[in-house]
Amino acid sequence: LLAALDDLRTTRVALERLPAARPIDLSMYAPELLSVLRAANAIGERFDSLTLARALKRDELHVEDVLAVAVRKGVAVIDGEIALRDGESATQYRFTSASLRDALHQLSLARDIAV
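Notes on the structure in this doc start here. (Residues numbered from 1 in each chain as written. Predicted model: local features only at pLDDT ≥ 70, side-chain atom pairs only at ≥ 80, totals over all residues. Heavy atoms only, no water.)

## Comments concerning the pattern of salt bridges
Phase 1 of the analysis: Applying the stated criterion across every chain, the model contains 4 salt bridges.
Phase 2 of the analysis: Here glutamate 32 ties to arginine 58 by a salt bridge, and the two come within 3.0 Å at their closest N and O atoms. Of this pair, glutamate 32 sits in helix 2 (residues 31-43) while arginine 58 sits in the loop between helix 3 (49-56) and helix 4 (60-72), and the two are 26 residues apart along the sequence.
Phase 3 of the analysis: Aspartate 86 is the salt-bridge partner of arginine 54, the closest N and O atoms lying 2.8 Å from each other. Here aspartate 86 lies in the loop between strand 2 (76-83) and strand 3 (89-95) and arginine 54 lies in helix 3, a separation of 32 residues in the sequence.
Phase 4 of the analysis: Classification of arginine 54 as partly exposed rests on a relative accessible area of 44%. (Salt bridge = Lys/Arg side-chain N within 4 Å of Asp/Glu carboxyl O. Helix = DSSP H or I, 4+ residues; strand = E, 2+ residues; numbered from the N terminus. Buried < 20%, exposed > 50% of the residue type's maximum accessible area, 1.4 Å probe, protein only.)

As C-alpha coordinates, this is what we get:
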(Lines give C-alpha, C1' and ligand atoms only; values in the text may rest on other atoms or scores of the structure.)
Protein backbone atom coordinates (compact mmCIF):
# COMPACT_ATOMS: atom_id res chain seq x y z
CA LEU A 1 0.00 0.00 0.00
CA LEU A 2 2.85 2.36 0.82
CA ALA A 3 4.55 1.58 -2.49
CA ALA A 4 1.35 2.34 -4.40
CA LEU A 5 0.96 5.62 -2.52
CA ASP A 6 4.57 6.52 -3.34
CA ASP A 7 3.94 5.73 -7.03
CA LEU A 8 0.85 7.95 -6.96
CA ARG A 9 2.83 10.85 -5.46
CA THR A 10 5.59 10.42 -8.04
CA THR A 11 3.06 10.41 -10.87
CA ARG A 12 1.32 13.52 -9.50
CA VAL A 13 4.61 15.40 -9.24
CA ALA A 14 5.50 14.40 -12.81
CA LEU A 15 2.13 15.58 -14.10
CA GLU A 16 2.48 18.91 -12.30
CA ARG A 17 5.77 19.50 -14.13
CA LEU A 18 4.21 19.05 -17.58
CA PRO A 19 3.76 22.33 -19.44
CA ALA A 20 0.19 23.57 -19.62
CA ALA A 21 -1.44 23.04 -22.98
CA ARG A 22 -1.85 26.28 -24.89
CA PRO A 23 -4.90 26.88 -27.01
CA ILE A 24 -4.28 26.62 -30.74
CA ASP A 25 -4.68 29.88 -32.67
CA LEU A 26 -6.42 28.92 -35.90
CA SER A 27 -6.43 32.50 -37.20
CA MET A 28 -2.92 31.95 -38.56
CA TYR A 29 -4.22 29.43 -41.12
CA ALA A 30 -5.74 30.39 -44.46
CA PRO A 31 -9.48 29.71 -44.83
CA GLU A 32 -8.84 27.13 -47.59
CA LEU A 33 -6.47 25.18 -45.33
CA LEU A 34 -8.92 25.36 -42.42
CA SER A 35 -11.72 24.10 -44.63
CA VAL A 36 -9.70 21.07 -45.68
CA LEU A 37 -8.43 20.42 -42.15
CA ARG A 38 -11.96 20.62 -40.70
CA ALA A 39 -13.15 18.03 -43.21
CA ALA A 40 -10.13 15.83 -42.52
CA ASN A 41 -10.79 16.10 -38.80
CA ALA A 42 -14.33 14.83 -39.37
CA ILE A 43 -12.81 11.71 -40.97
CA GLY A 44 -10.48 11.08 -38.04
CA GLU A 45 -6.89 11.29 -36.82
CA ARG A 46 -5.80 9.47 -39.99
CA PHE A 47 -7.28 10.40 -43.34
CA ASP A 48 -6.43 9.97 -46.99
CA SER A 49 -6.37 12.47 -49.81
CA LEU A 50 -8.86 10.72 -52.09
CA THR A 51 -11.55 10.15 -49.47
CA LEU A 52 -11.09 13.74 -48.34
CA ALA A 53 -11.31 15.07 -51.92
CA ARG A 54 -14.47 13.06 -52.49
CA ALA A 55 -16.02 14.34 -49.25
CA LEU A 56 -15.21 17.93 -50.23
CA LYS A 57 -16.25 17.34 -53.87
CA ARG A 58 -12.92 18.77 -54.99
CA ASP A 59 -10.13 17.61 -57.28
CA GLU A 60 -7.71 15.30 -55.47
CA LEU A 61 -4.67 17.17 -56.80
CA HIS A 62 -6.02 20.42 -55.36
CA VAL A 63 -6.60 18.73 -51.99
CA GLU A 64 -3.07 17.26 -52.14
CA ASP A 65 -1.69 20.79 -52.72
CA VAL A 66 -3.54 22.08 -49.65
CA LEU A 67 -2.35 19.10 -47.60
CA ALA A 68 1.23 19.82 -48.68
CA VAL A 69 0.83 23.19 -46.95
CA ALA A 70 -0.47 21.39 -43.85
CA VAL A 71 2.61 19.17 -43.87
CA ARG A 72 4.94 22.17 -44.27
CA LYS A 73 3.20 23.88 -41.34
CA GLY A 74 3.64 20.75 -39.23
CA VAL A 75 -0.06 20.11 -38.58
CA ALA A 76 -0.11 16.85 -40.53
CA VAL A 77 2.40 14.25 -41.64
CA ILE A 78 2.35 11.79 -44.52
CA ASP A 79 1.68 8.35 -43.13
CA GLY A 80 2.23 6.34 -46.33
CA GLU A 81 0.10 5.09 -49.18
CA ILE A 82 -3.10 3.09 -48.78
CA ALA A 83 -5.30 1.08 -51.11
CA LEU A 84 -8.98 1.97 -50.94
CA ARG A 85 -11.81 -0.56 -51.31
CA ASP A 86 -12.55 0.59 -54.85
CA GLY A 87 -9.00 -0.29 -55.95
CA GLU A 88 -7.74 3.31 -55.96
CA SER A 89 -4.68 4.27 -53.96
CA ALA A 90 -4.17 7.46 -52.00
CA THR A 91 -1.72 9.20 -49.73
CA GLN A 92 -2.57 8.73 -46.06
CA TYR A 93 -2.02 11.57 -43.60
CA ARG A 94 -2.12 11.86 -39.83
CA PHE A 95 -2.69 14.90 -37.62
CA THR A 96 0.29 15.76 -35.44
CA SER A 97 -1.65 17.26 -32.56
CA ALA A 98 -4.70 16.29 -30.57
CA SER A 99 -4.92 19.94 -29.50
CA LEU A 100 -5.24 21.01 -33.12
CA ARG A 101 -7.97 18.44 -33.71
CA ASP A 102 -9.83 19.72 -30.67
CA ALA A 103 -9.51 23.34 -31.88
CA LEU A 104 -10.81 22.31 -35.32
CA HIS A 105 -13.72 20.52 -33.66
CA GLN A 106 -14.53 23.61 -31.57
CA LEU A 107 -14.36 25.75 -34.72
CA SER A 108 -16.76 23.38 -36.47
CA LEU A 109 -19.18 23.55 -33.54
CA ALA A 110 -18.99 27.36 -33.45
CA ARG A 111 -19.71 27.60 -37.18
CA ASP A 112 -22.59 25.12 -36.95
CA ILE A 113 -24.14 27.08 -34.08
CA ALA A 114 -23.72 30.39 -35.95
CA VAL A 115 -25.69 29.12 -38.96
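## Comments concerning the nonpolar core
Phase 1 of the analysis: Core analysis: the biggest nonpolar cluster contains 24 residues, and Leu26, Phe47 and Leu52 have the highest contact counts within it.
Phase 2 of the analysis: Going through the elements one at a time, helix 2, helix 3, helix 4, strand 3 and helix 5 (98-114) are the ones with two or more residues in this core.
Phase 3 of the analysis: In terms of residue count, the dominant contributor to this core is helix 2 (6 residues).
Phase 4 of the analysis: Every residue in contact with phenylalanine 47, bar those within four places of it in the chain, is listed here: Ala40, Leu52, Leu67, Ala76, Thr91, Gln92, Tyr93, Arg94 and Phe95. (Core = buried A, V, L, I, M, F, W, Y, C linked by side-chain atoms within 4.5 Å. Contact = heavy atoms within 4.5 Å.)

## Regarding the sheet that holds strand 3
Phase 1 of the analysis: Pairing within the open sheet is antiparallel, and its 3 strands lie in the order 1-3-2. Strand pairing shows two members of the sheet lacking a second neighbour, strand 1 (46-48) and strand 2, which therefore form its edges. Direction aside, neighbouring strands of the sheet carry axes that sit 30° apart on average.
Phase 2 of the analysis: In the sheet, strand 1 pairs with strand 3 via 3 bridges, with the strands oriented antiparallel. Considered in strand 3, the bridge of arginine 46 is made with arginine 94.
Phase 3 of the analysis: Packed onto the sheet, helix 3 meets strand 1 and strand 3 and runs at close to 75° relative to strand 1. (Pairing = 2+ DSSP bridges. Axes fitted to C-alpha atoms, helices over the stretch in contact; angles between N-to-C directions.)

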